[in-house]
Amino acid sequence: MSESPILFELGGGVAEITLNRPGKMNALTPEMLVRLDRAWTQIRQDPSVRVVVLTGAGDRAFCAGADLGRLTPLLTRARPAEDDWDKALLDDPLILNRALLRGTEMTTPVIAAMRGVVVGGGMELMLACDLRVCADTSEFGLVEVRRGLIPAAGGIARLSRQVAQAQAAEILLVGDRVGAAQALGFGLVNRVVPAEEVLECARGLAARMAQNGPLAMRTLKQVMLESSGRSLAEAFQAEDEAVKVILRSSDAREGSRAFMEKRAPRFTGS
């Protein structure tokens, strides 16, 4: 594969991002975070991207979290910046958040396609994805507590909203990994398949989603995120505001017209 630690491809309305350090279990370096931030920015600005597949190279890991030799010493100032990637991260600390989709307006749906271990920052990145496909041999964990740290790149806030409190507490406070079957039972993942079928499954979902109305999908995701933790009345209000936009859209008219004409709709995202 290419020497770039982040691969980016686009075709048919689907963007595919690959964490490409298989020899290091795709552990995140400053360069990877900067490149991820740039990739997400490109996706947000490109209306032709209808869905994203995020995966990791190799079978050992989707992502093993932070590179403890490169990223962590830089962030703790145990080592100085050694290249432009290091400098970029130190100059803009919010790159870390944006790379892990924390506090960003990413309304384009993202599918995680995972093989091997998914731990630390890798699991925080997974928690930011909307749909999740994993291998039957995958293991998940937020193990920071075992190193005297906490998963503060979205791990605590997102996990506690996505699974039951007791399940979140076990993952966060014990720090043990959970297997694919248990993750499926917790509702952390959507599909568990053999490792060799992970990408095929994720790409199949992406291809189906790319045929949907892109404005409708982005709006649905935005309302789901905004409704989390809010009262039912507030959630209904978010729905009401969103449907006004959708009903005035060209895509809504095209969808109805295509149904009546018994043909596939030609959505434009407007």
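Residues numbered from 1 in each chain as written. Predicted model: local features only at pLDDT ≥ 70, side-chain atom pairs only at ≥ 80, totals over all residues. Heavy atoms only, no water.

### Section: the environment of Gly120
Within the secondary structure, Gly120 sits in the loop between β6 (117–119) and α5 (121–127). For Gly120, a relative accessible area of 6% gives the class buried. Expressed as a C-alpha distance, the spacing of Gly120 and Phe140, which sit 20 residues apart in the sequence, is 8.6 Å. Excluding its chain neighbours within four sequence positions, the residues that come into contact with Gly120 are Gly65, Gly141, Leu142 and Glu144. (Helix = DSSP H or I, 4+ residues; strand = E, 2+ residues; numbered from the N terminus. Buried < 20%, exposed > 50% of the residue type's maximum accessible area, 1.4 Å probe, protein only. Contact = heavy atoms within 4.5 Å.)

### As for the sheet that holds β6
Two orientations exist for strands paired in a sheet by backbone hydrogen bonds: parallel and antiparallel. Spatially, β4-β6-β8-β9 is the arrangement adopted by the four strands of the open sheet, whose pairing is mixed. Of all strands in the sheet, those with a lone pairing partner are β4 (61–63) and β9 (178–179), marking the two edges. In the sheet, strand β8 (residues 139–141) pairs with β9 via two bridges, with the strands oriented antiparallel. Bridge assignment links Glu139 to a residue of β9, and that residue is Gly179. (Pairing = 2+ DSSP bridges.)

### A word on helix α7 (residues 165–174)
When we look at burial in α7, the residues that qualify are Ala168, Ile171 and Leu172. The buried residues of α7 occupy an angular sector of 90° when the element is viewed end-on, so they sit on one face. Looking at α7, the residues exposed on the side facing more than 90 degrees away from the buried face are Ala166 and Leu173. (Arc of directions from axis to C-beta.)

### Digging into the sheet that holds strand β7 (residues 131–135)
An order of β1-β2-β3-β5-β7-β10 is seen for the six strands of this open sheet, with the pairing classed as mixed. In the strand order of this sheet, the two ends are held by β1 (6–11) and β10 (191–193), each with one partner. Averaged over all neighbouring strand pairs, the angle between strand axes comes to 15°, with direction disregarded. Pairing of strand β3 (residues 51–56) with strand β5 (residues 110–114), which is carried by four bridges, proceeds in the parallel orientation. Along β5, the bridge assignment pairs Leu54 with Ala112. (Axes fitted to C-alpha atoms, helices over the stretch in contact; angles between N-to-C directions.)

### Looking at the layout of surface pockets
Here the largest pocket is characterised by a volume of approximately 970 Å³. In terms of lining, the largest pocket is formed by 33 residues, of which the most central are Ala128, Asp130, Gln162, Lys221 and Leu225. When residues of the lining of the largest pocket are traced back to their parent elements, those giving at least two are β7, α6 (155–162) and α10 (214–227). Counting residues per element, the lining of the largest pocket draws most heavily on α10, which supplies seven residues. Considered class by class, the residues forming the lining of the largest pocket number 15 nonpolar, ten polar and eight charged. Taken as a whole, the second largest pocket encloses approximately 590 Å³ of empty space. Residue lining of the second largest pocket: 27 residues in total, with Ala66, Thr72, Gly121, Glu144 and Leu149 positioned closest to the centre. Sorting elements by how many residues they give to the lining of the second largest pocket places helix α2 (residues 71–75) first, with three residues. (1 Å grid on protein atoms, 1.4 Å probe; cavity = no way out; pocket = protein on both sides within 12 Å on 5 of 7 lines; lining within 4 Å. Points joined across faces, edges and corners; volume = space filled by probe spheres on them. Nonpolar A, V, L, I, M, F, W, Y, C, P; charged D, E, K, R; others polar.)

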